[in-house]
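Working through the structure, step by step
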Amino acid sequence: MLLCNYADDFMDTKVVGNINVALVLGLAQFLTTFLIAWWYARYSAAKLDPKAAAIKSRMEDGA
């Protein structure tokens with residue numbers, strides 16, 4: 001957002017054809033969002049889900 005407000009010339013720089021830096025950075029936000037969500041899902045499945053299952057098992061056995 002700051003670049004859009006204060007670096008108009010930079011954001012308007014053409015990369016290829018009518019595609020400018022602002023469009024590339026905007027699309028990169030979507031890419032990084034999906035990559036971070038994918039990474040967290042893998043981390044959660046590997047590290048957090050087994051711990052949650054163990055806690056659930058202990059809670060159900062005690063009831």
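All residue numbers here refer to positions counted from 1 along the written sequence of the relevant chain. Whole-chain, interface and lining totals are the exception, using all residues; otherwise, since this is a predicted model, local features are given only for residues with pLDDT of at least 70 and side-chain atom pairs are given and counted only at 80 or more. As a rule here, side-chain values cover all heavy atoms of the structure and leave hydrogens and water aside.

Some points on the overall build of the chain
Formally: What counts as a helix is a DSSP run of H or I of at least four residues, what counts as a strand is a run of E of at least two, and both are numbered from the N terminus. Atoms counted for the radius of gyration: C-alpha only. Globule rule: 2.2 Å times the number of residues to the power 0.38. Three labels apply to residues, based on accessible area from a 1.4 Å probe with only protein chains included: buried if under 20% of the type maximum, exposed if over 50%, partly exposed otherwise in between. All accessible-area figures derive from a Shrake-Rupley calculation using a 1.4 Å probe, and residue coverage is judged against the displayed protein chains alone. By the counting scheme adopted, Arg and Lys are positive, Glu and Asp are negative, and His together with the chain ends is not counted. The atoms used to mark charge sites are NZ of Lys, CZ of Arg, CG of Asp and CD of Glu.
Counting its regular elements, the chain contains three helices and two strands. Helices and strands in the chain line up, N terminus first, as α-α-β-β-α. Relative to its length of 63 residues, the chain is extended, with a C-alpha radius of gyration of 22 Å against a globular reference of 11 Å. Referenced to the eigenvectors of the C-alpha coordinate spread, the extents of the chain come out at roughly 65 × 20 × 10 Å. Going through the 63 residues of the chain one by one, you find that 8% of them count as buried. Accessible surface for the chain amounts to roughly 5,700 Å². Of this, 67% is attributable to carbon and sulfur atoms. Taken together, the 6 basic and 6 acidic charged side chains of the chain have centroids lying 13 Å from each other.

Focus: a nonpolar patch on the surface
Quick reminder of the rule: Like-charged residues within 9 Å of one another, or nonpolar side chains (Val, Leu, Ile, Met, Phe, Trp, Tyr) within 5 Å, are grouped into patches, provided each residue has over 30% relative accessible area and no salt bridge. Whenever a carboxyl oxygen of Asp or Glu lies within 4 Å of a side-chain nitrogen of Lys or Arg, that contact is scored as a salt bridge.
A cluster of nonpolar residues, Val15, Val16, Ile19, Leu23, Val24, Leu27, Phe30 and Phe34, forms a patch on the protein surface that exposes about 780 Å² of accessible area. Secondary structure elements with two or more residues in the nonpolar patch: strand E1 (14-16) and helix H3 (21-62). Looking at the nonpolar patch, the element that brings in the most residues is H3, giving five residues. Within the element layout of this structure, Leu27 appears in helix H3.

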